[in-house]
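# Remarks on the overall topology
Here are the chains, one letter per residue:
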Amino acid sequence: MESWEVVWMNYEFPLQIELKDVETHVRGEVGYVTCMEFVKTKGSSSWGAQFVTNVFERIDGEWFICIHHASPVDI
């Protein structure tokens, strides 16, 4: 969880988040979601963008995120 604290320390809350081009794929007990994520922080007039991939595993019928990856994109 410390790594998430480092990620969030550079953001001013609340965040405004919009997702586009969301695609969901499931293969047995593993699934993944890809999308474009647009984020605007409190007091900012511009949006940041990133390609996002989230990988999930189904354990005992529940889905758990096991990998999150985001790559910044210039817009």
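A few points on the structure.

What counts and how
- Residues numbered from 1 in each chain as written.
- Predicted model: local features only at pLDDT ≥ 70, side-chain atom pairs only at ≥ 80, totals over all residues.
- Heavy atoms only, no water.
- Helix = DSSP H or I, 4+ residues; strand = E, 2+ residues; numbered from the N terminus.
- Polar contact = N/O pair within 3.5 Å; in protein donor to acceptor, adjacent residues only side chain to side chain.
- Contact = heavy atoms within 4.5 Å.
- Phe/Tyr/Trp six-rings, centres within 6.5 Å; stacked < 30°, edge-to-face > 60°.
- Lys NZ or Arg CZ within 6 Å of the ring centre and 35° of its normal.
- Buried < 20%, exposed > 50% of the residue type's maximum accessible area, 1.4 Å probe, protein only.

### Side note on the side chain of Gln50
Here Gln50 lies in strand β3 (residues 48-59). Reaching out from Gln50, the side chain makes a polar contact with the side chain of Glu37 at a distance of 2.3 Å. Beyond its immediate sequence surroundings of up to four residues, Gln50 is in contact with Cys35, Met36, Glu37, Val39, Ala70, Ser71, Pro72 and Val73.

### Describing the packing of aromatic side chains
Following the criterion strictly, the structure yields zero aromatic pairs and no others. The ring of Phe38 has Lys20 lying over it, and the distance from NZ or CZ to the ring centre is 5.8 Å.

### Description of the environment of Glu29
With respect to the helices and strands, Glu29 occurs in the loop between β1 (16-27) and β2 (30-40). The exposure class assigned to Glu29 is partly exposed, which follows from its relative accessible area of 44%. Separated by 29 residues in sequence, Glu29 and Arg58 place their C-alpha atoms 4.9 Å apart. Not counting the four nearest positions on each side in its chain, Glu29 is found in contact with Phe56, Glu57, Arg58 and Trp63.

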